Amino acid sequence: MNKTVKTVAILLSAGLLLVGCASKEKPKSTAQTSTKATTKATTESSTKAKTKDSSTKAKTKDSSTKTKTKDSSTDEVKEEDSRAGAQKTVLETSDEAGKSTVTLYYKGDTLLVQEKVDDYNISKMDGDNPLEEMKEAVAISQEKFKDLMGHGFELTSEYKDGIFYIYNTIDYTKIDLQKLKEIVPGFNPLNDSTVSYSVTKESLINSGMVEK
């Protein structure tokens, strides 16, 4: 493997090696309770509706459908957006070949989501074919983290107007932290499954990143 590929592969995991952990109990999920309550309410409503005339049944069905649609929409938002209501900090570092930007989403001292965007100016990179080397580096990292892909971990790339972009998102509220630790031994979460925002930020700054 050439120097460029090795360097980029290391950079893709750098954020994981820098995160810190904080002791803090995570709130219990209310998803199961909400589901049971909704099921019970729907069942009781359906039973009562059988004793009413056809007009009442129609209205009950329409109301139930609207309620289910609303609940489904709410659950989807909660499932997809771990950043909702969170504060954020943006840090950056750059040189003549490119720039790295890390965005941290947090509540209190709990880091929720970490987004990293790297952009490399291919014309200013070393190597006989830097574009292909970059693609190879990303492919190597995607293979490395394949078991976490789509489960709180995303890694994609694109080439546009001479710039090669690498996008990496880690959702610490969804990812399997133990499996992540197995892949990246330098990542050390506590057994309460939390990551410290303040320690992570400090580590990134110590590595050369500047808060924007």
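The model shown is predicted, which means the values in this text are computed figures rather than measured ones. (Residues numbered from 1 in each chain as written. Predicted model: local features only at pLDDT ≥ 70, side-chain atom pairs only at ≥ 80, totals over all residues. Heavy atoms only, no water.)

Observations concerning helix α6 (residues 197–206)
Looking only at α6, the buried set comprises Y197, T200 and L204. The buried residues of α6 all sit within an arc of 65 degrees when viewed along its axis, so they share a single face. A positive phi of about 115 degrees marks G208, the residue just after α6. (Buried < 20%, exposed > 50% of the residue type's maximum accessible area, 1.4 Å probe, protein only. Helix = DSSP H or I, 4+ residues; strand = E, 2+ residues; numbered from the N terminus. Arc of directions from axis to C-beta.)

Examining the environment of D161
Within the fold, D161 resides in the loop between β4 (153–160) and β5 (163–171). C-alpha separation for the pair D161 and N121, spaced 40 residues apart in sequence, amounts to 9.2 Å.

Remarks on the packing of aromatic side chains
Scanning all chains against the criterion turns up four aromatic pairs. Geometrically, the ring pair formed by F145 and F153 is stacked, given 4.6 Å between the ring centres and 20 degrees between the ring planes. Relative to Y167, the ring of Y165 lies with its centre 6.2 Å away and its plane at 10 degrees, an arrangement referred to as stacked. For Y165, a relative accessible area of 24% gives the class partly exposed. Overall, Y167 belongs to the partly exposed group, its relative accessible area being 28%. (Phe/Tyr/Trp six-rings, centres within 6.5 Å; stacked < 30°, edge-to-face > 60°.)

Points about the pattern of salt bridges
Any two side chains of opposite charge can pair if their charged atoms end up close together. Inspection of every chain in the model, using the stated rule, returns seven salt bridges. For E115, the salt bridge is made with R83, and the minimal N-O distance between the two is 2.8 Å. With E115 in strand β3 (residues 110–121) and R83 in the loop between α3 (54–80) and β1 (87–95), the pair connects residues that are 32 residues apart, well separated along the chain. Relative accessible area serves as the criterion here: at 25%, R83 is assigned to the partly exposed category. The salt bridge partner of E211 is K201, with a shortest N-O separation of 2.9 Å. On the criterion of sequence distance, the pair formed by E211 in strand β6 (residues 210–211) and K201 in helix α6 is long-range, its members being 10 residues apart. Taking the relative accessible area as the measure of exposure, E211 reaches 40% and is therefore partly exposed. (Salt bridge = Lys/Arg side-chain N within 4 Å of Asp/Glu carboxyl O.)

So, the sheet that holds β4
What the six strands build is an open sheet, ordered β4-β5-β3-β2-β1-β6; its pairing is antiparallel. The open sheet is flanked by β4 and β6, the only strands paired with a single partner. Here eight bridges tie β4 to β5, and the two strands are oriented antiparallel to one another. Bridge assignment links K160 to a residue of β5, and that residue is I163. (Pairing = 2+ DSSP bridges.)

Remarks on the side chain of S100
Looking at the secondary structure, you find S100 in strand β2 (residues 98–107). Note on S100: relative accessible area 14%, which makes it buried. For S100, the residues in contact, after removing those within four places along its chain, are L91, E92, T93, K116, V117, D118 and M209. (Contact = heavy atoms within 4.5 Å.)

A look at the confidence of the model for the chain
The pLDDT averaged across the chain works out to 74; a share of 61% of its residues lies at or above 70. The low-confidence segment residues 56–60 (pLDDT under 50) makes five contacts with residues lying over four places distant or belonging to another chain. Scored below 50 in pLDDT, residues 68–79 shows three contacts in the model against residues more than four places distant or in partner chains. (pLDDT = per-residue confidence, 0-100.)

Some remarks on the pairing of β2
Of all 10 residues in β2, eight are buried, a share of seventy percent or more. With nine bridges connecting them, β1 and β2 associate as antiparallel partners. Along β2, the bridge assignment pairs D95 with G98. What sits between the antiparallel neighbours β1 and β2 is a turn of two residues. Strand direction decides the pairing type here: β2 and β3, joined by 10 bridges, are antiparallel.

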